[in-house]
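# Survey of secondary and tertiary structure
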Amino acid sequence: MKKITFLVLGLIIVIIILVFVFSSFYILDQTQTAVVLRFGQIVKINEQAGLSFKTPFVDNVEKFEKRVMIYDISPVRVITADKKTIVVDTYSLWKISDPKLFIETMRTVNMALSRIDDVVYSHARDIIAKYDFEEILSKKRFEILDSILEKTKADLKIFGIDVVDVRIKRNDLPEENRNSVYNRMNSERYSIATQIRAEGEGQAQQIKAEADKQVKIILSDAERESKIIKGTADASSIKIYADAFSESPEFFELRKLTEIYQNSFKDSILVIPQDSDILKYFKEVK
Amino acid sequence: MADYEVFNADQKDPETPKKKKSFGIKSIVLILIIVFVGILLLTGVYQVGPSEVALVRTFGQYSYTQGSGIAFHLPYPIQSHEIIDIRSIQKIEIGFRTTSTGSSRDVVDESNMITGDENILSLEAVVQYRIIDPVKYAFNILNAKDLVKLSTESVLRERVSLSTIDDVLTSKRDVIGIETSKIVQENLDKYESGIKIENVYLQDVTPPKDVVASFDDVNNAKQDKEKMINDAQKYSNDVIPKAKGNAEKVLREAEGYAYEKIALAEGDAEQFRAVLKEYNLSKDITKKRIILDAIKDMIESAKIKVVSDSGNTLKLLNLDEMFGGDSK
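Below is a short write-up of the structure. (Residues numbered from 1 in each chain as written. Chains lettered and ligands numbered in written order. Predicted model: local features only at pLDDT ≥ 70, side-chain atom pairs only at ≥ 80, totals over all residues. Heavy atoms only, no water.)

## Some words on the sheet that holds strand 2 (residues 52-58) of chain B
Adjacent strands of a sheet form backbone hydrogen bonds with each other and so pair up, either parallel or antiparallel. Residues and elements named next belong to chain B. Spatially, three strands are ordered 3-2-5 in an open sheet, and the strand pairing comes out antiparallel. Looking along the sheet, the strands with just one partner apiece sit at the ends: strand 3 (61-66) and strand 5 (79-85). Taken over all neighbouring pairs, the strand axes of this sheet differ in orientation by 25° on average, direction set aside. (Pairing = 2+ DSSP bridges. Helix = DSSP H or I, 4+ residues; strand = E, 2+ residues; numbered from the N terminus. Axes fitted to C-alpha atoms, helices over the stretch in contact; angles between N-to-C directions.)

Here it is, written out as structure tokens:
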């Protein structure tokens, strides 16, 4: 029984010692900074990772992220200098640069985020309002981002926050404006399409007209050539006939006239007077 | 307690079970301690996969990097480890998500981007990256993976807003991917993220659904144009060779005509000369014969022959009757 008592006692002592040891030390991760508070007052900022000592039961340790954090800021509507509403979706990279200041002014990360929200939004709104929409889409964008970053940085420094970067993730037209853009895009495209078709038709006409012209040239060239050939032949034939017939115009005339007699009276009514030479023997027989 | 001590002076009988009992508790405690220590030691055993490394921390502070294999570190809470994959290429999808079934779903808010000429297009991309410096990766940025996505989205939009819609859809498409990956890398290096961007691939770059029809119409118009030109070309290829054929035909005909004409003329001329030669030999009789032959043919070939009294009596003939009464 005595042994059990010793055992129990020993166990209690060990537990007390362990609790004491555990509450005198704390482990600080490489990614964190510790703020040691004594009755709510900051007594020490510890950035050295590893095992550290604190006064047990009296000191309270709060740990904060030391790394750069990403904060995706919710999209906001802002108005540009040319009175267009755009939706700007930003994100920022930030870190706690001064844990003492941070804990004094912000207390929690959530508080800090809502503050970042407010500051980025107000600067984004003010700065974007100085530019036209077209400029926001141009290289001026970098200028805009730089000045938002610079102002945000300056504003948040007093809270122990270092804003590493502010970037625009999206800058879009709000839903209701998109349709008008789509309409414009549609009409633009249809007009391009019409132009392309007209060009096609034009070029096709040109090719066809050129072909028709070639056809005419080819055919009329041939026609001319053929007329020359025929004409030359006609001329030669006239000469051949003339050469031959001029050897005896009298015989030519005879042949031609008799030919007419032979061929021209076919199926006609022929009236022969009684006193014609062809009937000179007619009466003698009678 | 005193009671026990009194009894303790006595011997054996109570002693034995008591000893046994204390031995039992001791052993249980011992076993518990062994199990506890064992479990504690087991928290120090870990395995690192072939593409991974483990960052070992001693009381939270980074101590060393452990390569792949089975390894051991001091038990919790003295040492701990964090496993980071440094060789696998990981990917992030922008503008769409591949679902577990393998099909993909569009994320319109991400994919819709506005171009420098104030048009909207839909762009889907995949970023591939790898952790090249696990220490930087673990200790510099919280959730550095998210940064890859945000940064790529931001830079992609920036690039698109500096280009025109036609450029993005056609010639600048590849350039945008390359530029984006370069600029994102610069940003990530600036933040010392320990991440290397392997690639930014632009997947589908298309006009938004609401304007697809009109964009398609432009493509159709291009096809139509090609077709019209081809048809015209076809027409041209059809009519010109035919015309050339026709031209040849006309020419050959003319040549044929010319040959025939001259041949006929020459034939006629020779015939004339031949006959003339004979004619000259007996002029009078031949002349008469020719004339009479002609008259004979003439009379023979006439349909109606009339012998009139004199040249003036012809008027008395009833021509109407002769021709069947319809010539008047």
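## Points about the sheet that holds strand 2 (residues 32-38) of chain A
All names here are of chain A. Taken together, the three strands give an open sheet; going across it, the order is 3-2-5, and neighbouring strands pair in antiparallel fashion. Since the sheet does not close on itself, it has two edges, and those belong to strand 3 (41-46) and strand 5 (59-65), each with one partner. The sheet shows a mean angle of 25° between the axes of neighbouring strands, direction not considered. As judged from the seven bridges shared by strand 2 and strand 5, these two strands associate in the antiparallel manner.

## Remarks on the packing of helix 7 (residues 249-264) of chain A against helix 9 (residues 283-301) of chain B
Relative to each other, helix 7 of chain A and helix 9 of chain B sit at 20°, their axes nearing to 7 Å. The angle between helix 7 of chain A and helix 9 of chain B falls in the class roughly parallel. As for how helix 7 of chain A packs across helix 9 of chain B, the hand of that crossing is left-handed. In this structure, helix 7 of chain A uses Glu250, Phe251, Leu254, Thr258, Tyr261 and Gln262 of chain A to contact helix 9 of chain B, whose residues at the interface are Lys283, Lys287, Ile290, Ile291, Asp293, Ala294, Asp297, Met298 and Ser301 of chain B. (Parallel < 35°, antiparallel > 145°, perpendicular 65-115°, else oblique. Left-handed = near helix turned anticlockwise from the far one by under 90°. Contact = heavy atoms within 4.5 Å.)

## Examining the pattern of salt bridges
By the definition in use, this model includes 46 salt bridges over all chains. The salt bridge partner of Asp89 of chain A is Lys169 of chain A, with a shortest N-O separation of 3.5 Å. Of this pair, Asp89 of chain A sits in strand 8 (residues 85-96) while Lys169 of chain A is found in strand 9 (residues 161-172), placing the two residues 80 residues apart along the sequence. Side by side, Asp89 of chain A and Lys169 of chain A carry an identical accessibility label, which is buried. Residue Arg157 of chain B is joined to Asp172 of chain A by a salt bridge in which the shortest nitrogen-to-oxygen separation is 3.7 Å. (Salt bridge = Lys/Arg side-chain N within 4 Å of Asp/Glu carboxyl O. Buried < 20%, exposed > 50% of the residue type's maximum accessible area, 1.4 Å probe, protein only.)

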